[in-house]
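Here is how the chains run, residue by residue.
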Amino acid sequence: QVQLVESGGGLVQAGGSLRLSCAASQRIFSISTMGWYRQAPGKQRELVAAISSGGGSINYADFVKGRFTISRDNAKNTVFLQMNSLEPEDTAVYYCNAQSKAWGVDYWGQGTQVTVSS
């Protein structure tokens with residue numbers, strides 16, 4: 001069974017930083033674009049950032065550009081989201097996603113809560 005295990009969420013004051021991690025099985029991680037999504041109460045889930053399987057292509061949502069950085073360690077089958085200059089509007093459950101349309105892969109983690117206080 002594929003598992004995406006997230007960690008690193010928590011409570012932080014505005015202006016602070018958090019680093020999210022998501023570990024996956026090697027079989028899935030090596031072929032997948034890895035993404036971070038978030039869902040705030042009453043809102044739809046939205047893409048935060050994504051990185052291609054080889055790491056050569058990275059996309060960010062406009063609302064996090066310059067503040068968040070996505071990276072992946074293929075040796076450890078882990079993707080990271082470094083979040084700096086956090087704002088109360090960043091409060092949400094953050095989800096890790098592994099996706100490969102070519103291989104029919106689309107898996108989600110259980111989510112980790114990020115709360116930013118003002």
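Residues numbered from 1 in each chain as written. Predicted model: local features only at pLDDT ≥ 70, side-chain atom pairs only at ≥ 80, totals over all residues. Heavy atoms only, no water.

Please set out the packing of aromatic side chains residue by residue, giving values where relevant.
Tallied over the full model, the rule gives 1 aromatic pair. Arranged with centres 4.9 Å apart and planes meeting at 65 degrees, the rings of Tyr37 and Trp108 form a pair that is edge-to-face. Of the two residues, Tyr37 is situated in strand S4 (residues 33–39) and Trp108 in strand S10 (residues 105–108); the sequence distance between them amounts to 71 residues. By relative accessible area, which is 36% here, Trp108 ends up partly exposed. Sitting above the plane of the Trp108 ring, Arg45 keeps its charged end 4.6 Å from the centroid. Over the aromatic face of Phe29 sits the side chain of Arg72, whose NZ or CZ is 4.2 Å from the ring centroid. (Phe/Tyr/Trp six-rings, centres within 6.5 Å; stacked < 30°, edge-to-face > 60°. Helix = DSSP H or I, 4+ residues; strand = E, 2+ residues; numbered from the N terminus. Buried < 20%, exposed > 50% of the residue type's maximum accessible area, 1.4 Å probe, protein only. Lys NZ or Arg CZ within 6 Å of the ring centre and 35° of its normal.)

I'd like a rundown of the side chain of Ser32, residues and numbers included.
Mapped onto the secondary structure, Ser32 falls in the loop between helix H1 (26–29) and S4. Given the relative accessible area of 0%, Ser32 is considered buried. Apart from the residues within four sequence positions on either side, Ser32 is in contact with Ile51, Ser52, Ser53, Arg72, Ala98, Gln99, Ser100 and Val105. (Contact = heavy atoms within 4.5 Å.)

Could you give an account of the side chain of Asn77, naming the residues involved and the relevant values?
Along the chain, the position of Asn77 falls in the loop between strand S7 (68–73) and strand S8 (78–83). Judged by its relative accessible area of 13%, Asn77 falls in the buried class. Once residues lying within four places of it in the same chain are set aside, the contact partners of Asn77 are Cys22, Ala23, Ala24, Gln26 and Phe29.

Account for the sheet that holds strand S1 (residues 4–7), naming residues and giving values.
Strand order in the open sheet made by the 4 strands is S1-S3-S8-S7, with antiparallel pairing throughout. Where the open sheet ends on each side, the last strands, each with one partner, are S1 and S7. Taken over all neighbouring pairs, the strand axes of this sheet differ in orientation by 15 degrees on average, direction set aside. (Pairing = 2+ DSSP bridges. Axes fitted to C-alpha atoms, helices over the stretch in contact; angles between N-to-C directions.)

Report on the nonpolar core, specifying residues and quantitative values.
Core analysis: the largest hydrophobic core is formed by 29 residues, its most contacted members being Met34, Trp36, Val79, Leu81, Met83 and Tyr94. Counting residues per element, the ones that place at least two in this core are strand S3 (18–24), H1, S4, strand S5 (46–51), S7, S8, strand S9 (92–100) and strand S11 (112–117). If we ignore the near neighbours within four places in the chain, the residues touching Tyr94 are Glu6, Leu20, Trp36, Tyr37, Arg38, Val48, Phe68, Leu81, Met83, Gly111, Thr112 and Val114. (Core = buried A, V, L, I, M, F, W, Y, C linked by side-chain atoms within 4.5 Å.)

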